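Structural features, examined
So the chains spell out like this:
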Protein chains: 2
Amino acid sequence: MEIPQSWGGVCSLPWYVGGSQVLGVACVVITGVWMGHFYGGYAWNGSGQQFNVHPLCMVLGMVFLYGDGVLVYRVFRNESKRSVKILHALIHMMALVISIVGLVAVFDYHNKANIPNMYSLHSWCGMLTFVLYFLQWLLGLGLFLFPWASTVLRSWYLPLHVFFGLVLLAMAVGSSLMGITEKLIFSQSSSSSSTLAPEAALANVLGLLLVCFAVLVGFVVTKEEFRRPPNPEEEALSVHFNTLNDGSGPSSP
Amino acid sequence: MEIPQSWGGVCSLPWYVGGSQVLGVACVVITGVWMGHFYGGYAWNGSGQQFNVHPLCMVLGMVFLYGDGVLVYRVFRNESKRSVKILHALIHMMALVISIVGLVAVFDYHNKANIPNMYSLHSWCGMLTFVLYFLQWLLGLGLFLFPWASTVLRSWYLPLHVFFGLVLLAMAVGSSLMGITEKLIFSQSSSSSSTLAPEAALANVLGLLLVCFAVLVGFVVTKEEFRRPPNPEEEALSVHFNTLNDGSGPSSP
């Protein structure tokens, strides 16, 4: 049996990243079409149209932008580490802000419609994911981007940051899958018929694409060949924030 | 800031494994109590009691036993690799058989009650997870336990086997979360009241424990310090199936 060696080479990275972008954009577009076509589009007036902002923002922020924020360390593996760190932090800040808009949309809608908050497993897992994401972002900012953390502390935290980064992406997708399940059952379009309604088929495909996106991002990030190559020259040139202070080498994913 | 060095040492492995077992057993017990106390227990007569077999078997097989099957390479990191391989395959076979019983239970119940199969995202993701798990088990058996695969093929497939092993655990937990969400909404105990019903609270806690179990298993498996130490003596002694044939070194996680 012949082994496809090209799967392992760095030259395949653009294909994986390209594939992830196709999947990620498809997820955002399908969520937008689902809410736009089947539930009357978007507004901020306390109506069901305001609820529609929630899934769109969460898929855009907590899944697509989050995944892209993770991928920058592989996509720009030959660029300066300082620039990539800042890009990583900025994309995750955008993802956080968009997620906050999505959360405010649903809480505000619930409150105006007298629907209780935080009773479903979707809301428990989703809120847990968001809170841990916010903590992870603060810790990453404090320990990796600013100079006050020691190299020992950074190298201790780095594998945890990477591991929980992928865990939180999986939790975000899991929460999205529960959200899709809830929405489909509440709309009763899938349960009232013995055939698969077009809306349910679209939403189920969205669920599978979200899973594929997260799996592809996880694959690219954990693949040994795609890791950022060591660059002793860059380390020696002290282009990192922390090296300006304590002269120690940088730690980054 | 002091860094808790003990977190990184191998001596902490028993605590993580012990914690994962507490979480895993809690998941199985809570699922059993949920179905037993709130839905009248278990039977195989086409009634709702037959449905109850489904969540119990899936949580026991696709989550708890699956996770333990993954963990054996870390728990028995100093035992002979051949024994650990066989144990790994056997636990996963048990997990597969129990999952098949769980699947037959729900399909048979649906068919007798004229409920359509495979329309929900839960069923799509769950079935995809099961089919990929079965393929992964066959590939693992064929390539790692029996002697006909070359060392090159084994070392190419090994990282994929490990990566997709964790992906499938995450997908199994994601499918379980959707199953919990569906069951709670269909039972209407959580949506008809503005307070959290005891059943919904129990099921939501189950969901969070399932997530914690998978995260802990993933943490133990991916932690560099917990990996199986290289054992050149073992390699030289040819205690592996494949070395009896082609004399090449073994590949295993």
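Residues numbered from 1 in each chain as written. Chains lettered and ligands numbered in written order. Predicted model: local features only at pLDDT ≥ 70, side-chain atom pairs only at ≥ 80, totals over all residues. Heavy atoms only, no water.

Concerning the overall build of chain A
Convention followed: Put simply, DSSP marks the helices as runs of H or I at least four residues long and the strands as runs of E at least two long, and each gets a number from the N terminus on. Surface exposure here means Shrake-Rupley accessible area, sampled with a 1.4 Å probe, where a residue is shielded only by the protein chains that are shown.
Scanning chain A for helices and strands turns up nine helices and zero strands. Secondary structure elements of chain A occur, N-terminal to C-terminal, as α-α-α-α-α-α-α-α-α. Accessible surface, chain A as shown: approximately 11,200 Å² in total, 70% of it carbon and sulfur.

Thoughts on the packing of helix 1 (residues 13-38) of chain B against helix 7 (residues 198-222) of chain B
Residues and elements named next belong to chain B. Filter applied, for reference: Whenever a helix is involved, its axis is fitted only over the stretch in contact; in every case the axis is a line through C-alpha atoms, and angles between N-to-C directions fall within 0 to 180 degrees. By the definition adopted for this analysis, an angle is roughly parallel if under 35 degrees, roughly antiparallel if over 145, roughly perpendicular if from 65 to 115, and oblique otherwise. Handedness of each helix crossing follows the sense of rotation of the near helix against the far helix: counterclockwise by less than a right angle gives left-handed, clockwise gives right-handed. Here, two residues are considered to be in contact whenever any of their heavy atoms come within 4.5 Å of each other. The classification used treats Ala, Val, Leu, Ile, Met, Phe, Trp, Tyr, Cys and Pro as nonpolar, Asp, Glu, Lys and Arg as charged, and all other residues, Gly among them, as polar.
At a closest axis distance of 9 Å, the pairing of helix 1 and helix 7 adopts a crossing angle of 155 degrees. The pairing of helix 1 with helix 7 is recorded here as roughly antiparallel in orientation. Remark: the crossing between helix 1 and helix 7 carries left-handed chirality. Residues Leu 13, Tyr 16, Gly 19, Ser 20, Leu 23, Gly 24, Ala 26, Cys 27, Ile 30, Thr 31, Trp 34 and Phe 38 of helix 1 form the contact with helix 7, whose participating residues are Pro 198, Glu 199, Leu 202, Ala 203, Leu 206, Leu 209, Leu 210, Cys 212, Phe 213, Leu 216, Phe 219 and Val 220. Each residue belonging to the contact of helix 1 with helix 7 can be placed in one class, and the counts come to 19 nonpolar, four polar and one charged.

Some points on the packing of helix 3 (residues 53-75) of chain B against helix 6 (residues 151-187) of chain B
Residues and elements named next belong to chain B. Helix 6 packs onto helix 3 with a crossing angle of 145 degrees between their chain directions and a minimal axis gap of 9 Å. Relative to helix 6, the crossing made by helix 3 is left-handed. Between helix 3 and helix 6, the residues in contact are Met 62, Val 63 and Tyr 66 and Phe 164, Gly 165, Leu 168, Leu 169, Ala 172, Val 173 and Ser 176, respectively. Here the contact of helix 3 with helix 6 is composed, by residue class, of eight nonpolar, two polar and no charged.

Considerations on the UniProt feature "transmembrane region" (unreviewed entry) in chain A
Residues and elements named next belong to chain A. Put simply, the rule is: UniProt positions are given in the numbering used here, feature names are shortened, and annotations may be inferred rather than shown by experiment.
The feature "transmembrane region" (unreviewed entry), as given by UniProt, occupies residues 12-33, 53-74, 86-107, 127-146, 158-180 and 200-221 in the numbering adopted here. End-to-end, the C-alpha atoms of residues 53-74 are 31 Å apart, and along that stretch the chain is 100% helix and 0% strand. Here residues 200-221 is 100% helix and 0% strand, with 32 Å between the C-alpha atoms at its ends.

Description of the packing of aromatic side chains
Residue and element names in this part refer to chain B. Put simply, the rule is: Only Phe, Tyr and Trp rings take part, Trp by its six-membered ring, and two of them pair if their centres are within 6.5 Å. Stacked means planes under 30 degrees apart, edge-to-face means over 60, and tilted covers everything else. Each residue is assigned to one of three classes by its accessible area relative to the maximum for its type, calculated with a 1.4 Å probe on protein chains only: buried under 20%, partly exposed between the two thresholds, exposed over 50%.
Per the counting criterion, the structure on display carries 18 aromatic pairs over all chains. A ring pair is formed by Phe 64 and Phe 213, whose centres lie 6.1 Å apart and whose planes are at 50 degrees; its orientation type is tilted. With Phe 64 in helix 3 and Phe 213 in helix 7, this pair connects stretches of sequence that are 149 residues apart. Phe 213 carries the same exposure label as Phe 64, and that label is buried. Ring geometry for Phe 144 versus Tyr 157: centroids 5.6 Å apart, planes at 20 degrees, classification stacked. Within this pair, whereas Phe 144 is found in helix 5 (residues 121-145), its partner Tyr 157 is found in helix 6, the two being separated by 13 residues in sequence. Here Phe 144 matches Tyr 157 in class, with each residue buried.

Regarding a nonpolar patch on the surface
All names here are of chain A. Selection rule: Residues with no salt bridge and a relative accessible area higher than 30% make up the patches, which join like charges within 9 Å and nonpolar side chains (Val, Leu, Ile, Met, Phe, Trp, Tyr) within 5 Å. Counted as salt bridges are all cases of a side-chain nitrogen of Lys or Arg within 4 Å of a carboxyl oxygen of Asp or Glu.
Together, Trp 44, Ile 86, Leu 90, Met 93, Val 97, Ile 100, Val 101 and Val 104 give the surface a local cluster of nonpolar side chains, amounting to about 650 Å² of exposed area. Locating Met 93 in the fold gives a position in helix 4 (residues 81-112). With a relative accessible area of 38%, Met 93 lands in the partly exposed category.

So, the confidence of the model for chain A
Keep this limit in mind: pLDDT gives the predictor's per-residue confidence on a scale running from 0 to 100.
Per-residue pLDDT for chain A averages 88, and the proportion of residues at 70 or more is 85%. Of the regions scoring below 50 in pLDDT, residues 236-252 of chain A engages in 37 contacts with residues more than four places distant in sequence or in other chains.

Points about the nonpolar core
Rules: Put simply, a nonpolar core is a bunch of buried Ala, Val, Leu, Ile, Met, Phe, Trp, Tyr and Cys residues held in one set by side-chain atoms that sit within 4.5 Å of each other.
Counting residues in each nonpolar core, the largest one holds 128 residues, and the members touching the most others are Ile180(A), Leu210(A), Ile180(B) and Leu210(B). Setting aside residues up to four positions removed in sequence, Ile180(A) forms contacts with Trp34(A), Ala203(A), Leu206(A), Gly207(A), Leu210(A) and Leu121(B).

A look at unusual backbone geometry
All names here are of chain B. For Asn 114, which is not glycine, the phi torsion reads 55 degrees and is therefore positive. Position of Asn 114 among the secondary structure elements: in the loop between helix 4 (81-112) and helix 5. The exposure class assigned to Asn 114 is exposed, which follows from its relative accessible area of 70%.

Here we look at the environment of Phe130(A)
All names here are of chain A. Mapped onto the secondary structure, Phe 130 falls in helix 5 (residues 121-145). For the pair Phe 130 and Leu 103, spaced 27 residues apart in the sequence, the C-alpha separation amounts to 9.4 Å. Beyond its immediate stretch of four places on either side in the chain, Phe 130 contacts Met 62, Leu 96, Ser 99, Ile 100 and Leu 103.

Examining the pattern of salt bridges
A full pass over the atoms with the stated rule returns six salt bridges over all chains. One salt bridge in this structure joins Arg227(A) and Glu224(A), with 3.9 Å as the shortest N-O distance. When the shortest N-O distance is used, the salt bridge between Lys112(B) and Asp108(B) registers 3.0 Å. Taken together, the residues Lys112(B) and Asp108(B), both in helix 4 and four residues apart, mark about one turn of the helix.

Let's talk about the side chain of Lys183(A)
Residues and elements named next belong to chain A. So the rule is basically this: His is not counted here, nor are the chain ends, while Lys and Arg score as positive and Asp and Glu score as negative.
One can find Lys 183 in helix 6 (residues 151-187). It is Glu 199 that comes nearest to the buried, bridge-free Lys 183 among opposite-charge side chains, at 6.9 Å. Dropping the residues within four chain positions of it, Lys 183 is found in contact with Trp 34, Met 35, Tyr 39 and Phe 51.

So, the state of the cysteines
Note the threshold: A pair of sulfur atoms, both from cysteines and within 2.5 Å, is called a disulfide here.
If you walk through the whole model with that rule in mind, you get zero disulfides over all chains. Of all cysteine sulfurs in the structure, the one in Cys212(A) sits closest to Cys125(B), which takes part in no disulfide; the separation is 9.1 Å. We classify Cys125(B) as buried; its relative accessible area is 3%.

As for helix 3 of chain B
Threshold: What is called the bend at a residue is the angle between a pair of axes, fitted to the seven residues leading up to and ending at it and to the seven starting from it.
Residue Leu65(B) marks the point of greatest curvature in helix 3 of chain B, where the axis turns by about 30 degrees. With 20 of 23 residues buried, helix 3 of chain B lies mostly within the body of the structure.

Description of the environment of Leu158(A)
All names here are of chain A. Along the chain, Leu 158 turns up in helix 6. Overall, the relative accessible area of 17% leaves Leu 158 in the buried class. In this structure, the C-alpha to C-alpha distance between Leu 158 and Gly 140, residues 18 residues apart in sequence, is 8.8 Å.

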